[in-house]
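Residue strings, one per chain:
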Number of protein chains: 2
Amino acid sequence: MGKIDIQQLKDVANHLRIDSIKMTCAAKSGHPTSSCSAAEIIATLFFNEMKFDKTFPKNPSSDRFVLSKGHACPVLYAAWHQAGHISTADMMNIRKITCDLEGHPTPRLDFIDVATGSLGQGLSCAAGMAYAGKYIDEASYRVYCLLGDGECAEGSVWEATAFASYYKLDNLVAIVDMNRLGQTQQTMLGHDADTLAKRFESFGCHTVIVDGSNVVELLNAYNIARQTKGRPTAIVAKTLKGKGIIGIEDEDNWHGKAVPENTIEAIEQLLMNKVDITGTLEINLPINDAPNIQLPIGHIKMAPPEYTIGDKVATRQAYGVALAKLGDACPRIIGLDGDTKNSTFSENLLKKHPKQFVECFIAEQNLVGVAVGLQCRDRAIPFASTFAAFFTRAADQLRMAAVSFANIKCAGSHVGVSIGEDGPSQMGLEDIALFRTIPGSIVFYPTDAVAAERATELAANTRGIAFIRTGRPACPVIYSNDEKFEIGKGKIVHNSSKPKVLIIGAGVTLYEAKKAADKLQSENVEVIVMDPFTIKPLDKDLIVKSARRAENRIITVEDHYQAGGIGEAVCQAVSDQKNIHVRSLFVLDVPHSGPPDVLLEKYGISARCIIDAVQQFIHLPN
Amino acid sequence: MGKIDIQQLKDVANHLRIDSIKMTCAAKSGHPTSSCSAAEIIATLFFNEMKFDKTFPKNPSSDRFVLSKGHACPVLYAAWHQAGHISTADMMNIRKITCDLEGHPTPRLDFIDVATGSLGQGLSCAAGMAYAGKYIDEASYRVYCLLGDGECAEGSVWEATAFASYYKLDNLVAIVDMNRLGQTQQTMLGHDADTLAKRFESFGCHTVIVDGSNVVELLNAYNIARQTKGRPTAIVAKTLKGKGIIGIEDEDNWHGKAVPENTIEAIEQLLMNKVDITGTLEINLPINDAPNIQLPIGHIKMAPPEYTIGDKVATRQAYGVALAKLGDACPRIIGLDGDTKNSTFSENLLKKHPKQFVECFIAEQNLVGVAVGLQCRDRAIPFASTFAAFFTRAADQLRMAAVSFANIKCAGSHVGVSIGEDGPSQMGLEDIALFRTIPGSIVFYPTDAVAAERATELAANTRGIAFIRTGRPACPVIYSNDEKFEIGKGKIVHNSSKPKVLIIGAGVTLYEAKKAADKLQSENVEVIVMDPFTIKPLDKDLIVKSARRAENRIITVEDHYQAGGIGEAVCQAVSDQKNIHVRSLFVLDVPHSGPPDVLLEKYGISARCIIDAVQQFIHLPN
């Protein structure tokens, strides 16, 4: 690397600074100081180190870049501007409704793989990409992730680092822009680069400390990273927040603020004084060794279910069977689990197709983050499994997965009080609410094994975020193997000619509802029982039609808390209908440990409770 | 320490093993192997190291013990049995509905401070307790936290460790029971104690590696910990899962399983062969130097709000004002923040009462965990603040806080699309759903500054988990300073004599609703506008009464996604009412960056959208 090139990289860095300052000034908001500290890091990465196709940013063979410190996106936008991919006019429209250069990066832009802006999440996604590169694509592309020092306080960073070293992801480079200052004060470590480096070292990285504003040191560090085998590299880059902005550099109280407009000219002049050379830097083209694949979404055919009606099978078990069969059908179906694979039955896939399974250990944030990383550029269809309750650990990652428009599937087992003796910490009682909040999500709640297998198949064949809620107890198969299931289509599982109430249940509560229906029938009270199959979307037509037949009465019953659950979803669905009344049974309080049957009774969702609710409902004065 | 005492501790450990095995065998489920690995750790802690009052486990001066690896509770129950606090009969009723010795520990038991069972959370709570001991109580009690090695994969463990070292919590000891085996396979580190110790060392702990089945080494390590000043100690204790259970010790596939009943006798005999001495070990009494305080919950009087109607004040700002005033009134009001204190305005408390504020940096899981720890034994009333969106990062900690029956207050700012240009990653759009799922929670959604101050005061004065949803934009004060607010009581902010629709909004959408109402009035369409103040509990009476007056029509409008939000809560509230129709406006999709006003319009919750909805609603054929 000659002197000229070094000077050109320095010049690019200062151009990135100027553009970052100008665009945020135009927007009157944004993060110029967090951008300026990273200018040399970005300049060296984009215009020397990385191999990528600037005309087709989603090229599967290109090196990946993840901006975990998403608020520094101005410097990233500036780099793509320098690369010629973004016009000056567009760049100056940052943060406007008409421009996809948003306040934090989202994949509305073709050069963004994952949305960032909730700190500490990028490295998990990057690790997922690196895992895909090394073990699934078996290609040479590398993954670079830029983190802030403040966000290294997030535990998810360390989950990702431990994962990356366990899987020897030597194609992954984490670079920390250690600019010392957080939003409101100095970070925990300030400029103590040694301690931060020791942390990455102890978590299994090769580590290098550099002056992050020195392009030669940076290039050298990337070179070391490329030569490091068997483990990821972490580069701790000491920088100054607001570097190059006179009066603002390394000063407090400049986080997330545009510089005053009347100072721009002087700032630009000072930066331009350092720029020596005009000229263009070539970007290194990728080595095209990643397979060009087209995921067969919509056409993944699973061998059909093979059950006998009446046999007792837990839906979590059927999920495992289906997952393994999907693995047969499509080598890009990848299972992930958080050390619960013998409980969620995702181990079925591991046993049959070991290369299609990633054990993520007890780190659910990273589990979801890695899944999001795996699905980038359609490298895989990830199925992440753990107890439903523990997906709450990754609620923020799931929220961000929606902003990433990710295609991931989550299967949560051990839902509700029906898990029994293990007690409330292990019971998924808010998982329906969590997954229903995600824009565009599908929430499957299969009741029996046949439905669970079909839910898994449908999830694989539908883009977006899907959740499959599975149960612990073995319950009878109620559907025949050739039963057809559709997203948003429920089923009547107990019918009658003169029903007085429509009962909606799912999973264990559907069995309770059926028991209640049989008992009521023997007492000459007729009801309809409906299995919604998907809680989102909900089969409103069938609900309304059935409620109309059933004297406009609905009872919902669910092994879940009230808020955001089946009852509220049904209330909402019929809220524009005249005169339909809904009563809801749900888990009212923090449950206790105990036998499942006893808990169903104690928390008001047993067959007996349903019968009582029906009797009260139909005897209400009209 | 004499030979006799050493042997007695060994004997106690084996008794703990036997009891752990027997009680889980009686329950036919549970975690004997995870208990047996920790037997010497627990024996030495409880019967030599710790100072506590076994007759009054909540004694504020006692050393604290947190079982982060909650599934190993049999060994903890066995210890309290050995101490004489639990009868044999009770112990053998573990996991039954009639017995509070649950499958994972909860504070239904007097000797449990925080519920555990979702792994990786205990150390944050323990750090909160240690912080309270060192800086709030200024007392000598120490805090011991037992972790599993598997759970050290959870990032929250490292958030807690970083926090503990930053605050020099030398009264905190983390002990890792490194038994090598997770639920489904060997952990990431197996028995590599050196690496685990290096991780704790790099995160600022003094570290000691011991043979965890050697009582002398353990006692020595506790002694070192007690002499270590200025930083916490981490003891990495190498152990064997199922230690002492013949055929099961150190074997795979024995996680969470009772041993076969017919093997019990032989196992007990082998363990009893090692027991030499019968006799009782004294438990060290605490030094009574923690203040006996009675939190004035229900009687904390805040100086009244001082605003002028029409002045523009953001509710987040009013929250900060109120928090500082509450700090004046009660020295045990403690603010916590995740490096957003100048955005949430919690910095007001820091500025006025620096000793009543804990900066938790960008680590929201630990932020909530520390808050839970601080409130144990009524040491404090913690108010944790960050962006509402980032509370999703701590969803699992909040779920567990409910199982802990904790008294914590959360204030989430920057809600909804009305934050504008920063984009979707920063927008709280599922926070109402999240906090509504928590059993017994209160969800405040104050619209103006007066309401925000009163919400903060009411939160302080009501036990349990409360959420205060605050907004970014400055909006006009609409209530007078002497307006009375109550939990579960809404207010009519725009009334009329012949209304056609009831509109329910909160925060920015209440202003939009008021604008819409004024506009509609000028077109001779009368409506009522209601401010619910609390979304949970919801003022059902006022809603129903107002809807009846308004031709049975309700429109809800919220800066939040649909699921679990205001609209669904209202639908649920009126679901047992005849003939009330609800239409809901909410944020339908992942929002884009842009100016707040433009986003309110684009995502369908502006005054104009409300007017359209009203017009459509009232012109529907009846």
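About the criteria used
- Residues numbered from 1 in each chain as written.
- Chains lettered and ligands numbered in written order.
- Predicted model: local features only at pLDDT ≥ 70, side-chain atom pairs only at ≥ 80, totals over all residues.
- Heavy atoms only, no water.
- UniProt positions renumbered as here; feature names shortened; annotations may be inferred.
- Helix = DSSP H or I, 4+ residues; strand = E, 2+ residues; numbered from the N terminus.
- Buried < 20%, exposed > 50% of the residue type's maximum accessible area, 1.4 Å probe, protein only.
- Lys, Arg positive; Asp, Glu negative; His and termini not counted.
- Charge placed at Lys NZ, Arg CZ, Asp CG, Glu CD.
- Expected span 1.5 Å × (residues − 1).
- Arc of directions from axis to C-beta.
- Contact = heavy atoms within 4.5 Å.
- Polar contact = N/O pair within 3.5 Å; in protein donor to acceptor, adjacent residues only side chain to side chain.
- Salt bridge = Lys/Arg side-chain N within 4 Å of Asp/Glu carboxyl O.
- Pairing = 2+ DSSP bridges.
- Axes fitted to C-alpha atoms, helices over the stretch in contact; angles between N-to-C directions.
- Least-squares fit on C-alpha atoms with pLDDT ≥ 70 in both.
- Disulfide = S-S within 2.5 Å.
- Phe/Tyr/Trp six-rings, centres within 6.5 Å; stacked < 30°, edge-to-face > 60°.
- Lys NZ or Arg CZ within 6 Å of the ring centre and 35° of its normal.
- Buried area = accessible area lost by both parts, 1.4 Å probe.
- Nonpolar A, V, L, I, M, F, W, Y, C, P; charged D, E, K, R; others polar.
- Parallel < 35°, antiparallel > 145°, perpendicular 65-115°, else oblique.
- Left-handed = near helix turned anticlockwise from the far one by under 90°.

For chain A, an unreviewed UniProt entry supplies the name Transketolase and the organism Loa loa. The UniProt entry for chain A carries this comment under Subunit (unreviewed entry): "Homodimer." Quoted verbatim from the Sequence similarities (unreviewed entry) heading of the UniProt record, the comment on chain A is "Belongs to the transketolase family."

A. Structural view of the overall build of chain A. Within chain A, the secondary structure is distributed over 22 helices and 19 strands. With respect to the principal axes defined by its C-alpha atoms, chain A has extents near 90 × 50 × 40 Å. By residue count, 70% of the 622 residues in chain A fall in the buried class. If you average the places of the 64 positive and of the 71 negative side-chain charges in chain A, the two averages end up 3 Å apart.

B. Up close: helix H9 (residues 215-227) of chain B. All names here are of chain B. The end-to-end C-alpha separation of H9 is 19 Å, in line with the 18 Å expected for 13 residues at 1.5 Å each. For H9, the complete set of buried residues consists of Val215, Leu218, Leu219, Ala221, Tyr222 and Ala225. Angularly, the buried residues of H9 cover 160 degrees about the axis, an arc narrow enough to put them on a single face. Packing partners of the buried residues in H9 comprise helix H1 (3-27), helix H3 (39-49), strand S3 (172-178), strand S4 (206-211) and strand S5 (233-238). By the N-cap criterion, in which a side-chain oxygen at the helix start approaches the backbone nitrogen of a residue two or three places on, H9 is capped by Asn214, the distance to Val216 being 2.9 Å.

C. Layout of the pattern of salt bridges. By the definition in use, this model includes 64 salt bridges over all chains. Salt bridges sharing partners connect three or more residues here, namely Glu154, Asp396 and Arg399 of chain A together with Arg393 of chain B.

D. Broad picture of the sheet that holds strand S16 (residues 527-531) of chain B. Residue and element names in this part refer to chain B. Taking strand neighbours across the sheet as the criterion, the five strands line up as S14-S16-S15-S18-S19 in an open arrangement whose pairing is mixed. Two strands lie at the open edges of the sheet, namely strand S14 (491-494) and strand S19 (581-585), each paired on one side alone. Direction aside, neighbouring strands of the sheet carry axes that sit 30 degrees apart on average. Across three bridges, the pairing between S14 and S16 is antiparallel. Residue pairing in the sheet places Lys491 in a bridge with Asp531 of S16.

E. Local environment of the relation of the copies chain A and chain B. Note on the copies: chain A fits chain B at an RMSD of 0.0 Å, the axial shift is 0.0 Å, and the rotation between them is 180 degrees. Taken together, the rotation angle and the small translation identify this as a two-fold axis.

F. Spotlight on the state of the cysteines. Residues and elements named next belong to chain A. For the structure shown, the criterion picks out zero disulfides over all chains. We note that Cys205 lacks a disulfide partner, and the nearest cysteine sulfur, in Cys152, lies 11 Å from it. Taking relative accessible area as the criterion, Cys205 reaches 2% and is therefore assigned buried. In this structure Cys330 is a free cysteine whose sulfur lies 17 Å from that of Cys376, the closest cysteine sulfur available. Residue classification places Cys330 among the buried positions, given a relative accessible area of 2%.

G. Up close: the packing of aromatic side chains. In this structure the tally under the stated criterion is 47 aromatic pairs over all chains. Taken together, Phe46, Phe52, Phe65, Tyr77, Trp80 and Phe111 of chain A form an aromatic cluster joined through their ring pairs. Across the ring face of Phe617 of chain A, the terminal group of Arg553 of chain A is positioned such that the distance to the ring centre comes to 5.9 Å. Over the aromatic face of Phe485 of chain B sits the side chain of Lys491 of chain B, whose NZ or CZ is 4.7 Å from the ring centroid.

H. The arrangement of unusual backbone geometry in detail. Each neighbour pair has its own omega, and for Lys536 of chain A with Pro537 of chain A the value is -5 degrees, a cis peptide bond. Looking at the secondary structure, you find Pro537 of chain A in the loop between strand S17 (534-536) and helix H19 (540-549). If you check the backbone angles, Asp250 of chain B has positive phi at about 60 degrees while not being a glycine. The exposure class assigned to Asp250 of chain B is partly exposed, which follows from its relative accessible area of 27%.

I. Region of the structure containing the interface of chain A and chain B. Chain A puts 104 residues into the contact, and the matching count from chain B is 102 residues. Of all residues in chain A, Ile97, Met188 and Arg393 of chain A bury the most surface against chain B, accounting for 9% of the area lost on that side. On inspection of chain A and its partner chain B, the count reaches eight salt bridges. With a shortest N-O distance of 3.7 Å, Arg393 of chain A and Glu154 of chain B are connected by a salt bridge. At the boundary of chain A and chain B, one finds 61 residue pairs in polar contact (both at pLDDT 80 or more). The element contributing the most residues to the side of chain A that touches chain B is helix H7 (residues 155-166) of chain A, with eight residues. Class assignment for the residues of the side of chain A that touches chain B results in 36 nonpolar, 42 polar and 26 charged.

J. Molecular detail of the packing of helix H1 (residues 3-27) of chain A against helix H3 (residues 39-49) of chain A. Residues and elements named next belong to chain A. It is at 8 Å that the axes of H1 and H3 come closest, and there the two elements cross at 120 degrees. In terms of their interaxial angle, H1 and H3 are classed as oblique. Considering only the axes of H1 and H3, their crossing is right-handed. For the pair formed by H1 and H3, the contact residues are Leu9, Val12, Ala13, Leu16 and Arg17 on the first element and Ala39, Glu40, Ile42, Ala43, Thr44, Phe47 and Asn48 on the second.

K. Quick peek at helix H15 (residues 395-403) of chain B. Among the nine residues in H15 of chain B, nine count as buried, and that is most of the element. Those residues of H15 of chain B that sit buried are Ala395, Asp396, Gln397, Leu398, Arg399, Met400, Ala401, Ala402 and Val403 of chain B. Close packing links the buried residues of H15 of chain B with helix H15 (395-403) of chain A together with helix H7 (155-166), helix H14 (364-375), strand S10 (409-413) and helix H16 (431-437) of chain B. At the C-terminal side of H15 of chain B, Phe405 of chain B shows a positive phi close to 50 degrees.

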